[in-house]
Amino acid sequence: GEESAAVAARLLSRHNIGALPVCSREGKLRGIVTDRDIVLRCIAPGEDPKHTPVSDIMTRRLVWVDSRDSCDTAARLMASRQIRRLPVQEDGRLVGMVSLGDLAKLRDFSTEAAEALSEISENIRNL
């Protein structure tokens with residue numbers, strides 16, 4: 001949360017990703033900063049990305065899955081919230097991120113979860 005939006009933007013670009021989890025020193029998830037957050041909450045209002053802390057622009061209202069949850073659960077949650085990336089936590093600590101693309105590679109979904117993934121994909125294409 002203390003790093004600047006400029007540092008976050010460089011990391012997003014360097015790793016060709018759209019979102020970074022923001023954690024406390026203890027690994028507790030505090031938020032997520034996306035390329036969209038940087039544009040809409042920093043660049044567009046004319047803030048200086050070098051001096052804007054990530055904590056000022058990150059998305060704080062988070063949803064996540066537990067590492068023991070099923071892929072079906074993750075897919076349904078992504079569909080209901082219309083999100084493409086979902087933090088994965090274990091014992092209150094961030095252990096990873098699962099993306100729509102990750103889930104789309106799996107073939108053993110329930111019909112409901114497959115429909116949820118299809119719905120997210122369709123909504124994203126129509127943006």
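Residues numbered from 1 in each chain as written. Predicted model: local features only at pLDDT ≥ 70, side-chain atom pairs only at ≥ 80, totals over all residues. Heavy atoms only, no water.

Trainee: Please explain the overall build of the chain as it appears in this structure.
Mentor: Along its length, the chain carries six helices and five strands. Helices and strands in the chain line up, N terminus first, as α-β-β-α-α-β-α-β-β-α-α. Evaluated residue by residue, the chain yields a buried proportion of 35% over its 127 residues. The contacts in the chain between residues at least 6 apart in sequence include a share of 47% that link residues at least 24 apart. Carbon and sulfur atoms provide 47% of the accessible area of the chain, an area that totals close to 8100 Å². (Helix = DSSP H or I, 4+ residues; strand = E, 2+ residues; numbered from the N terminus. Buried < 20%, exposed > 50% of the residue type's maximum accessible area, 1.4 Å probe, protein only. Contact = heavy atoms within 4.5 Å. Areas by Shrake-Rupley, 256 points an atom, 1.4 Å probe, with all protein chains shown as cover.)

Trainee: Which parts of the structure should I look at to understand the pairing of strand β5 (residues 93-99)?
Mentor: Two faces belong to every sheet, and in a regular strand the side chains alternate between them. Here six bridges tie strand β4 (residues 85-90) to β5, and the two strands are oriented antiparallel to one another. In the sheet register, Q89 faces β5, and the bridge partner there is L94. In textbook terms, the turn of a hairpin is the stretch between consecutive antiparallel strands, and for β4 and β5 this stretch comprises two residues, one of which, D91, has a positive phi near 55°. (Pairing = 2+ DSSP bridges.)

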